[in-house]
Every structure is written in C-alpha cells, then in structure tokens.
Amino acid sequence: MATGISLHIGLNKVDPAQYGGWDGELVACEQDAHDMARLARTAGFSDTTLLTPDGTVDNVTKELRKAAKRLKSGDIMLFTYSGHGGQVPDAEGSDDERDEFDETLVLFDRQFLDDELHREFGRFAAGVRIAAFLDCCHSGTGIEVRDVLTPEAMQEQFQTRDPDEIENTSRLMPVAKQVEIYQRDQQFFQEIQRGLGDKKARRDGVNALLISACQDNQLASDGPVNGAFTGMLLEVWDNGAFRGGYRAFHRDILERMPATQSPNFYVAGRPDDRFLEQRPFTV
C-alpha cells in the first residue's frame, strides 16, 4: 500500500529583520496551508504544516529530507506553498533560466531559490510521485521564470498607474524590495547558485507536476479567507466530489479564474502518465 506525505507552508508575514524592514504582511496564506493540510489528511496523507515563523529554509528542507528518506517508488509527496514570490538574477546565466532569473519562494528568513527546491525534490527515490501547488506570484513553472515582472509590466498588464496598489493586494514581493535585498545579499545568492552544480542534470532527475496560481508574468491575488487560487482549487475539489485527473483539475480551476490570473500546469522531468491521469491527491 502506498504512503503519502504532505508538507504545507503558509506565511502571512516574513521576518522584517531579514528583509530590510519589510514584513510582507498577507491575510490568507496560513488559512490556505490549514485548508490544504485538511484536504491532504482527508485523502490519506500524513501532513506537516509550517506557519509564518516556522516557515524557514531550515525547517522546509528538514521536512523534505525526512520525507525523501521515507518514501519509495510508488509513494507520493504533496508540497503546497502559500506566500510571496520573488526573483533573483541567475548567477550562472545558463540556459535553464531563459530570462536569467531564478524564481524564489519568500520564506520567513530568506528567499528559497527554485533550484534549491528542485535539489530537494531530486533527493526522492525514482518512482516517487511529486505534486506541488504554489499560490504565489510568477509561479507558472515553479522552476524557470520566463518574464521579469517590473512595475512597467504591471502597469501594462493591469492598465493602472499605481503599481504599489497592485503589490499591496497581491502575493508579489515588491520589485524595489527584491532589488534591495538582492543588492545586499548578492554574494550569498551567487554562492548558493554556483554550489548547486549542473542544473540541467538535476532537473532531468526530478519527475514532478506543478499546478501554480498564475503564469510566470502574472500576479497571484491574496484574499479575505483564501488566496484566489487556493480558494478556487477548494471549490473545484468540492470536498472530494471531483473525479477527473490532474489535467482536468487544472482546466476546471483555470476556467473559473479571471484572465489576469491564469493557473499553470507544468511538468518537470517525465512523470508517469498514470500519475497525471490519477484523481488529484490519490495516495
């Protein structure tokens, strides 16, 4: 019988001491994590939830490594994140990031690079099913950000002259803050990026699917109870009444979302077709 382990991360704030005074306050991320953990538990997963101050790089990597040691071929890992998304320049300037930026999950103590997440996914045994759901800005691939979301791009996309208003109601780490933090910590991020080794080989060894809150050049909206994406995911799931596969699940969520936020379906490596066709959250 297969084993399912799930990890759910929700950050309503980050540590301002680590982000130049910015606390990144959001409303619904912790509730997203609670609701996704409840869904996973009902589906037969053992679940761990990391909320705001516990959503650190060390805690996230520790939980992923514990799961990687336990799961074997045929088992499943479910990873969900709700919080801010960010970007840092790719020190390697390699072909795996065509816009030369790495996507980040904005964890409590620092930004967690997309390549770091994929390094952790790469620790899982061959044949382990990995499903990730990211409710954050520019999360379309979860690995390779294709477009840099600048204030000018936000103005064009949303036809507004006030990008600050957009930043305050979305899960985007403010562009000016991204630049400030990167300039401060540039050497640190570059050492991480270079220490991760050959990105292409590592990516080829990961077999996972991702359903993300939006496309790479879009923003993910926060909300009063759930984020827009997580709220719609829960509505489509309908307490387990949904009966299609992962692709159909993504399609039904996408059809109900506004044009300014289009959830993406992305596959890393070569996950088994049987996995993709399974009802979501099947252990």
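The structure we're discussing is the one just above.
Overview of the structure. Per chain, residue numbering runs from 1 following the sequence as it is written. Local features in a predicted model are, by the rule used here, given only for residues with pLDDT of at least 70; side-chain atom pairs are given and counted only at 80 or more, and totals for whole chains, interfaces and linings are based on all residues. Hydrogens are left out, water is left out, and the side-chain values use all remaining heavy atoms of the structure.

Points about the packing of helix 8 (residues 228–237) against helix 9 (residues 246–256)
Each pair of packed helices can be summarised by the angle the axes make with each other and by the distance between the axes.
Phase 1 of the analysis: Inter-axis angles, ranging from 0 to 180 degrees, are taken between N-to-C directions of lines fitted to C-alpha atoms, where helices are fitted over the stretch in contact. Working definition: helices are DSSP H or I runs of at least four residues, strands are E runs of at least two. Numbering for both runs from the N terminus. In the contact formed by helix 8 and helix 9, the axes pass within 9 Å of each other and the chain directions differ by 120°. Classed by the angle they form, the pair helix 8 and helix 9 counts as oblique. By crossing handedness, the relation of helix 8 to helix 9 is classed as right-handed. Where helix 8 approaches helix 9, its residues Phe229, Met232, Leu233, Glu235, Val236 and Trp237 are matched on the opposing element by Phe249, Asp252, Ile253 and Arg256.
Phase 2 of the analysis: Nonpolar residues are Ala, Val, Leu, Ile, Met, Phe, Trp, Tyr, Cys and Pro. Charged residues are Asp, Glu, Lys and Arg, and all others, Gly as well, are polar. Each residue belonging to the contact of helix 8 with helix 9 can be placed in one class, and the counts come to seven nonpolar, no polar and three charged. Throughout, the term roughly parallel applies to angles under 35 degrees, roughly antiparallel to angles over 145, roughly perpendicular to angles from 65 to 115, and oblique to all others. Crossings are assigned a handedness: left-handed for a near helix turned anticlockwise from the far helix by less than a right angle, right-handed for a clockwise turn. What makes two residues a contact is simply this: any of their non-hydrogen atoms within 4.5 Å.

Structural notes on the nonpolar core
Phase 1 of the analysis: What is meant by a nonpolar core is a set of buried Ala, Val, Leu, Ile, Met, Phe, Trp, Tyr and Cys residues, joined one to another through side-chain atoms within 4.5 Å. Only protein chains enter the accessibility calculation, which uses a 1.4 Å probe; a residue is then buried when its area is under 20% of its type maximum, exposed when over 50%, and partly exposed in between. Of all hydrophobic cores here, the largest spans 43 residues; its most connected members are Phe79 and Tyr81.
Phase 2 of the analysis: Considering every element that reaches this core, the biggest residue donor is helix 2 (residues 57–70), with five residues.
Phase 3 of the analysis: In this view, tyrosine 81 contacts Ile9, Leu11, Leu105, Val106, Leu107, Phe133, Leu134, Asp135 and Cys136; residues no more than four positions away in its chain are not counted.
Phase 4 of the analysis: Membership of the second largest hydrophobic core comes to 32 residues, among which are Leu39, Phe229, Leu233 and Ile253.

Structural notes on the pairing of strand 9 (residues 264–268)
Phase 1 of the analysis: For strand 9, a buried count of four out of five residues is recorded, marking the element as mostly surrounded by other parts of the structure.
Phase 2 of the analysis: Only when DSSP finds a minimum of two bridges between them are two strands counted as paired. In this structure, strand 8 (residues 208–212) lies alongside strand 9, joined through five bridges in antiparallel fashion. Its bridge partner being in strand 9, leucine 210 is matched across the sheet by tyrosine 266.

Topic: the sheet that holds strand 2 (residues 46–51)
Phase 1 of the analysis: Strand order in the open sheet formed by six strands is 2-1-3-7-8-9, and the pairing between neighbours is mixed. The open sheet has two free edges, formed respectively by strand 2 and strand 9, since each of these has just one partner strand. Taking each pair of neighbouring strands and ignoring which way they run, the sheet shows an average axis angle of 15°.
Phase 2 of the analysis: As paired strands, strand 7 (residues 129–135) and strand 8 are joined by five bridges and run parallel to one another.

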